[in-house]
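# Observations on chain architecture
These are the residues of each chain, in order.
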Amino acid sequence: MLADLPLLVATPAPWAALAAANLPAFLSDHAVCEQQAALAALSLIGQYPEDPELVERMSALAAEEISHLRRVLSLLHRRGWKPAGRRQNPWAKALREHVASGAEPIQKVDRLLLGALIEARSCERFTLLHQATDDPEVRALLLDLGPAEKRHWQLFHALAAGEIAAADLAVRWHDWLLFEGELTKQAGVRPTVHG
């Protein structure tokens, strides 16, 4: 699965062992990420209700993210591990600030490419942690969710591709990948999905 990802910079090598050694923190953060993913999909619907394909696809994605959230929270509750509340995420904050404001369709394209990058990085992290942990229940969860994240990044990218010319999208996507890669070089120091 890692070979199919568009990411230019790999997660720093120590991250997987760090997350595997801190599964309560990872899963607690993961639940927050699933909630935020559902909210982001609904926000796109709210901003672009006139786009029937986006509305349909993001509605389905939000429902899937909520089902993932329920699954992660169930695992946390069964183990007596405390879920987290919302927290600062410098990586995600920097990505959100990279979204062009105002001019359409560029703002819409950037919001979709932001979603694609978040899902692609999640797919990579889930795959790495699946390889690093020996917890069978967590491995089963990640084995299911990794492919879902792959489908999600491809969906976001495909929706962006419907908004601007292919050459323009390629340039914009490459800019996003470079920007995210620089952020990732400084990450991997916390046992969180994007930390």
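Residues numbered from 1 in each chain as written. Predicted model: local features only at pLDDT ≥ 70, side-chain atom pairs only at ≥ 80, totals over all residues. Heavy atoms only, no water.

Take the packing of helix 5 (residues 106-132) against helix 6 (residues 136-161) next. Their axes nearest at 8 Å, the elements helix 5 and helix 6 cross at an angle of 160 degrees. With respect to their mutual orientation, helix 5 and helix 6 come out roughly antiparallel. Crossing of helix 5 against helix 6: the hand is left-handed. Class assignment for the residues of the contact of helix 5 with helix 6 results in 15 nonpolar, 7 polar and 4 charged. (Axes fitted to C-alpha atoms, helices over the stretch in contact; angles between N-to-C directions. Helix = DSSP H or I, 4+ residues; strand = E, 2+ residues; numbered from the N terminus. Parallel < 35°, antiparallel > 145°, perpendicular 65-115°, else oblique. Left-handed = near helix turned anticlockwise from the far one by under 90°. Nonpolar A, V, L, I, M, F, W, Y, C, P; charged D, E, K, R; others polar.)

Okay, helix 5 next. One full turn of an α-helix is made of 3.6 residues, so residues set three or four places apart face in the same direction. A rise of 1.5 Å per residue sets the reference length of helix 5, with its 27 residues, at 39 Å; its end C-alpha atoms lie 39 Å apart and thus fit the reference within 8%. Of all the 27 residues making up helix 5, 23 are buried; the element is thus mostly covered by neighbouring parts of the structure. (Expected span 1.5 Å × (residues − 1). Buried < 20%, exposed > 50% of the residue type's maximum accessible area, 1.4 Å probe, protein only.)

Further remarks concern the environment of D4. Secondary-structure assignment places D4 in the segment before helix 1 (15-20). Distance in space between the C-alpha atoms of D4 and Q88 is 29 Å, their sequence separation being 84 residues. For D4, the contacting residues outside a window of four places in its chain are K150 and W153. Within the structure, D4 has its side chain in polar contact with the side chain of K150 (distance 2.8 Å). (Contact = heavy atoms within 4.5 Å. Polar contact = N/O pair within 3.5 Å; in protein donor to acceptor, adjacent residues only side chain to side chain.)

Formed by 34 residues in total, the largest nonpolar core has its most connected members in M58, W173 and W176. Where this core is concerned, the elements lending two or more residues are helix 2 (23-47), helix 3 (52-79), helix 4 (90-97), helix 5, helix 6 and helix 7 (166-185). Top element by residues in this core is helix 5. It accounts for 8 residues. Not counting chain neighbours up to four residues away, the residues in contact with W173 comprise P6, L113, A116, L117, W153 and H157. (Core = buried A, V, L, I, M, F, W, Y, C linked by side-chain atoms within 4.5 Å.)

Glancing now at the packing of aromatic side chains. Any aromatic ring pair is given by two values, namely how distant the centres are and how the planes are angled relative to each other. On inspection of all chains with the given rule, the structure shows 3 aromatic pairs. Each ring, one from W15 and one from F26, has its centre 6.0 Å from the other, and the planes form 65 degrees; the classification is edge-to-face. You can see W15 sitting in helix 1 and its partner F26 sitting in helix 2, a full 11 residues away along the chain. A relative accessible area of 0% places W15 in the buried class. With centroids separated by 6.2 Å and ring planes inclined at 80 degrees, the aromatic side chains of F26 and F126 adopt a geometry described as edge-to-face. With F26 in helix 2 and F126 in helix 5, this pair connects stretches of sequence that are 100 residues apart. A relative accessible area of 0% places F26 in the buried class. Members of the aromatic cluster, each reached through a chain of ring pairs, are W15, F26 and F126. The residue whose ring lies beneath K108 is Y48, and the NZ or CZ to ring-centre distance is 5.0 Å. Between the NZ or CZ atom of R125 and the centre of the ring of W15, over which it lies, the distance is 4.6 Å. (Phe/Tyr/Trp six-rings, centres within 6.5 Å; stacked < 30°, edge-to-face > 60°. Lys NZ or Arg CZ within 6 Å of the ring centre and 35° of its normal.)

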